[in-house]
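# Analysis of the macromolecular model
One letter stands for each residue in the lines below.
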Amino acid sequence: MSANTTALAIADPYAQALMSLAQEQQIVDRFGEDAQLVLSALADSQELRQVLGNPLFEGEVKKAVLQGLANDRLHPLFTNFLKLLVDRGRIIFLEAVLKQYQSLLRQLRKTVLAEVTSAVELSEEQKSRISEKVAAMTSAEHVELDISLNPDLLGGVIIQVGSQIVDASLRGQIRRLGIQLTASAGR
């Protein structure tokens, strides 16, 4: 079993439990916002990841760090859930749990995640057109865009929805043209 599969197997029941709690309390979207805030903090802070992932730091230290992160920004029930992960020795799977929660939230809201890689910053109109195309492609009611920049694309975008990839980048077009020319020359 790969590390990713193991993380998902451990994270999924916790994400399901968090979703059940959120639905019971009718704060599903609030927990989604809290999950995004924590994921952003993890992405921005190497120190935070090191403290939470290091078994040498005691649980009380990790809980204090999480409480400091929460600092009235996170719902108290969400903060308690994070502390529960510390108590259960599962805080190392925090990122996987929160990403799985977001996935469950997208399923609940009939939303699809489109990972968009662009050569340049996209305008609101371009984002809207991409969302419309992805919605038509997937029959989803809503589209969530996760946009990253990669100047190596030269121009255009690459859109990934699940395992489906649409390469509308200039680099991809040049590569396809090269393949066609190579195939033509070989005849």
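Going by the structure above, here's the rest.
Heads up: these notes are all about the structure in this document. (Residues numbered from 1 in each chain as written. Predicted model: local features only at pLDDT ≥ 70, side-chain atom pairs only at ≥ 80, totals over all residues. Heavy atoms only, no water.)

On to the packing of helix α2 (residues 28–44) against helix α5 (residues 76–87), then. Axis separation between α2 and α5 bottoms out at 10 Å; the angle between their running directions is 50 degrees. Here α2 is positioned oblique relative to α5, judged by the angle of their axes. For α2 against α5, the interelement crossing comes out right-handed. Facing Phe31, Asp34, Ala35 and Val38 of α2, the residues of α5 in contact are Leu77, Phe78 and Leu82. Its residues assigned to classes, the contact of α2 with α5 comprises 6 nonpolar, no polar and 1 charged. (Axes fitted to C-alpha atoms, helices over the stretch in contact; angles between N-to-C directions. Helix = DSSP H or I, 4+ residues; strand = E, 2+ residues; numbered from the N terminus. Parallel < 35°, antiparallel > 145°, perpendicular 65-115°, else oblique. Left-handed = near helix turned anticlockwise from the far one by under 90°. Contact = heavy atoms within 4.5 Å. Nonpolar A, V, L, I, M, F, W, Y, C, P; charged D, E, K, R; others polar.)

Our next topic: the pattern of salt bridges. Overall, the coordinates contain 9 salt bridges when judged by the stated rule. Glu144 serves as the salt-bridge partner of Arg106, at 3.5 Å between the closest nitrogen and oxygen. Of this pair, Arg106 sits in helix α6 (residues 94–108) while Glu144 sits in strand β2 (residues 142–149), placing them 38 residues apart in sequence. Residue classification places Glu144 among the partly exposed positions, given a relative accessible area of 34%. For Asp167, the salt bridge identified is with Arg175, shortest N-O distance 3.3 Å. The exposure class assigned to Asp167 is partly exposed, which follows from its relative accessible area of 21%. In this structure Arg175 comes out as partly exposed when scored by relative accessible area, which is 46%. Overlapping salt bridges, with partners in common, bring together Glu60, Lys63 and Asp87 in one network. (Salt bridge = Lys/Arg side-chain N within 4 Å of Asp/Glu carboxyl O. Buried < 20%, exposed > 50% of the residue type's maximum accessible area, 1.4 Å probe, protein only.)

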